[in-house]
Amino acid sequence: MSQSFKIRKGHNIKLVGDAPKNDLGNVSSTTYAVSPLDFPGITPKLAVKAGENVQAGDVIFFDKDRPEVKICSPVSGEVAEVKRGAKRKILEVIVLADSTITYASHGAFDLSSSDRGAAADHFAKTGVGALITSRPYGVVASMHEEPRDIFVNGVQSGPLAGDLAYQLEGKDAEVAAGLEALSLMTTGKVYVSQDGEASNIAALNHDKASAITFTGKHPKGVVGTQIAQVAPINKGDIVWTVNAIDLPIIGRAFLKGEYAPGYKLAVAGSKVTKAGYATMLQGTNLASLTSEHINLDNTRIIAGDVLTGSKVEATGFLSFGKSQITAIPEGNSTEFFGWVLPGFGKFSTNRAFWAWLFPNRKYDLDTNLHGEERAFVVTGEYDKFIPMDIFPQQLLRSILIGDIEKMEQLGIYEIVPEDFALAEVACTSKLPLQQIVRDGLNSLRKEMI
C-alpha cells in the first residue's frame, strides 16, 4: 500500500500552450553535442579528440576527480569539434553523426544477480550512471558511493509539464528493468512517486520499490519536496534521485548493454505554433524542430520548464536529461507605471493584483523581471513556496556571507537549486536564488572533500 502526502505550500503556475498528445515525429540532426556545463560538480577530462570516431555509448569525457563518473556519446560518428571557452574551458563536444547509429556493446546484465559491484560497474561503463543525481550537493552520482535510499520521481507538476504516462508508453519492460537495476544499488529503499491526481502508471509499480503518492500544489513534482516528506536528509546521508522518464534508458542499458538516451519530448509554450511530443536523442541540434514548430520572433527557448530549465538558442542542442522544450515571449519591453494599474490580467503569487480572484486562469507570461535586484530583507515569503523543514531566507543569507557552519545548521544538506525555483518567481528582491544555492553547495563541497 502506498503512502500518500498532500503538499499545501506552493503554487501552480498555469500557462497557455500545453502540449496535446500529438506526435510530432522523430527529430534528428547531422550534429549532436554533449556539454560538461550540464553536469554540476564535474571537472571534465576528455577521453576523445577531434577527428576520432566514436560509437553511441563510448566515453566522451569523465570527471577528473572521480574517474568512475563517465559521460558518453549519444550517437556514433566523428568527433567534429571540441568547443572551448576562457582558459580552455570545455564548453561542448560536437559529434558529426553517422546516418545509422551503431552502439558500443557492453553486454546484457543479469538482473537476477545480487552483485552490487558488478551492477555499479555496468551503470558507470554504459553511461547511465550520469542520469542519477546524488544529494547532498546535487551532482552526478559516483557508483563508488552507496546511497541510503533512492527516490524515483514520477510526478511532473511544473508549468506545461508533459504527460509522463504518454511519454513512457510502450516502454514497460525497460522501466521494470531500470527499477530492478536501481534496487541492486542500495540496501535501503527505492521510493517511486506518482501523482495522486492523475491516472496511476502501472509500469512504475514494482515489487522491489515502495510506492508514494503526492497531491496538492507544485512543488509536489520536485523530488526534494518528496524526500522532505518521506525521509529527510541529515548530515552524512547520501540519497540518489532519478527522474522516472530516464528509467527506459537505464533499463535498455541493462537489457541490451546499449546507451540510447532518447525521449518523447514535450514541446509546449505560447510561442509554439504546433505543440505536441517529438522523439529525439539527448544532444540533438534543435534547428529543424524550432524552425518548423516555434515562432522565433522575439522568443525565449528553454530546455526544460520555465522554472528550472536553461536557455538554448534556436540552433542549439538539447541539454542532457531534458524531456521538455518550452517557448515563451522574450520579456525585453518596459511597462510605464505598470505597478500603478489594477492588473486584472497580471500573474501574481500573492494578492498584489486582482488576478488572484481567477485561480484557474492561464497566463501568457514572458521573461520580464519587472524590476531590478533589490535589498534582501527577511519577509517570510519563501516559506509559502518551500514545503521543507528549513528556514529558507536565513539559509540564503548564510550562503551569501559564506558561513558554512550556519549553512549546515539551517539545512543546506537537504536542498538543491530546483527546490528554490518557485520561491525565485515569488522573490520581491529579484534575487537569483537557484544560482545562490548552487554557489553555496559548490563551496560546501569544496570544503568537505
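Above this text is the structure in question.
Predicted model only: the values in this text are computed from it and were never measured.

### Remarks on the overall build of the protein chain
Link 1 in the chain: In terms of regular secondary structure, the protein chain is built from ten helices and 20 strands.
Link 2 in the chain: For the protein chain, whose C-alpha radius of gyration is 21 Å, the value lies close to the compact-globule estimate of 22 Å for 449 residues.
Link 3 in the chain: Taken along its principal axes, the extent of the C-alpha atoms in the protein chain is 65 × 50 × 45 Å.
Link 4 in the chain: Taking all 449 residues of the protein chain together, the buried fraction comes to 54%.
Link 5 in the chain: The contacts of the protein chain with a sequence gap of at least 6 include a subset with a gap of at least 24, amounting to 69%.

### Concerning empty space enclosed by the protein
Link 1 in the chain: Counted according to the given criterion, the structure contains two cavities of 30 Å³ or more.
Link 2 in the chain: Approximately 50 Å³ is the volume found for the largest cavity.
Link 3 in the chain: Considering the residues around the largest cavity, the lining is formed by Glu68, Val69, Lys70, Phe123, Ala124, Gly127, Gly129, Ala130, Val140, Ala141 and Met143.
Link 4 in the chain: For the lining of the largest cavity, the per-class residue count stands at seven nonpolar, two polar and two charged.
Link 5 in the chain: Put simply, the second largest cavity is a space of about 30 Å³.
Link 6 in the chain: Forming the walls of the second largest cavity are His218, Pro219, Val222, Leu307, Phe385, Glu418, Asp419, Ala421 and Leu422.

### A few points about the packing of aromatic side chains
Link 1 in the chain: According to the stated counting rule, one finds nine aromatic pairs in the structure shown.
Link 2 in the chain: Centre to centre, the rings of phenylalanine 109 and phenylalanine 254 are 5.3 Å apart; their planes meet at 80°, and the pair counts as edge-to-face. On the criterion of sequence distance, the pair formed by phenylalanine 109 in the loop between strand S9 (90–97) and helix H1 (116–126) and phenylalanine 254 in helix H5 (residues 247–255) is long-range, its members being 145 residues apart. For the pair formed by phenylalanine 109 and phenylalanine 254, the shared burial category is buried.
Link 3 in the chain: Their ring planes at 75° and their centres at 5.5 Å tell us that phenylalanine 347 and tyrosine 363 sit as a pair that is edge-to-face. Of the two residues, phenylalanine 347 sits in the loop between strand S20 (324–329) and helix H7 (392–400) while tyrosine 363 sits in the loop between S20 and H7, which places them 16 residues apart along the sequence. As far as burial versus exposure is concerned, phenylalanine 347 and tyrosine 363 are alike and both buried.
Link 4 in the chain: Ring pairing ties together the aromatic residues Phe39, Phe61 and Phe320, which thus form one cluster.
Link 5 in the chain: Over the aromatic face of tyrosine 103 sits the side chain of arginine 252, whose NZ or CZ is 5.1 Å from the ring centroid.
Link 6 in the chain: Across from the ring centre of phenylalanine 376, 6.0 Å away, lies the NZ or CZ of arginine 397, which sits over that ring.

### With respect to unusual backbone geometry
Link 1 in the chain: Each neighbour pair has its own omega, and for arginine 135 with proline 136 the value is 5°, a cis peptide bond.
Link 2 in the chain: Checked against the element boundaries, proline 136 lands in the loop between strand S10 (133–135) and strand S11 (139–140).
Link 3 in the chain: With an omega dihedral of 25°, the bond running from histidine 218 to proline 219 counts as a cis peptide bond.
Link 4 in the chain: Checked against the element boundaries, proline 219 lands in the loop between strand S14 (210–216) and helix H4 (223–230).
Link 5 in the chain: You will see that tyrosine 137, though not glycine, has its phi angle at about 85°, which is positive.

### A word on the side chain of threonine 367
Link 1 in the chain: Relative to the helices and strands, threonine 367 is located in the loop between S20 and H7.
Link 2 in the chain: The class of threonine 367 is buried, set by a relative accessible area of 19%.
Link 3 in the chain: Among the polar contacts listed, one links the side chain of threonine 367 to the side chain of glutamate 330, at a separation of 3.0 Å.

### Points about the layout of surface pockets
Link 1 in the chain: Approximately 640 Å³ is the volume found for the second largest pocket.
Link 2 in the chain: Lining the second largest pocket are 28 residues, with Gln156, Ser157, Gly158, Ala161 and Asp195 positioned closest to its centre.
Link 3 in the chain: Of all elements in the fold, only helix H2 (164–167) and strand S13 (190–195) reach the threshold of two or more residues within the lining of the second largest pocket.
Link 4 in the chain: Here the residues of the lining of the second largest pocket sort into twelve nonpolar, nine polar and seven charged.

Parameters at a glance
- Residues numbered from 1 in each chain as written.
- Predicted model: local features only at pLDDT ≥ 70, side-chain atom pairs only at ≥ 80, totals over all residues.
- Heavy atoms only, no water.
- Helix = DSSP H or I, 4+ residues; strand = E, 2+ residues; numbered from the N terminus.
- Rg over C-alpha atoms; globule rule 2.2 N^0.38 Å.
- Buried < 20%, exposed > 50% of the residue type's maximum accessible area, 1.4 Å probe, protein only.
- Contact = heavy atoms within 4.5 Å.
- 1 Å grid on protein atoms, 1.4 Å probe; cavity = no way out; pocket = protein on both sides within 12 Å on 5 of 7 lines; lining within 4 Å.
- Points joined across faces, edges and corners; volume = space filled by probe spheres on them.
- Nonpolar A, V, L, I, M, F, W, Y, C, P; charged D, E, K, R; others polar.
- Phe/Tyr/Trp six-rings, centres within 6.5 Å; stacked < 30°, edge-to-face > 60°.
- Lys NZ or Arg CZ within 6 Å of the ring centre and 35° of its normal.
- Polar contact = N/O pair within 3.5 Å; in protein donor to acceptor, adjacent residues only side chain to side chain.

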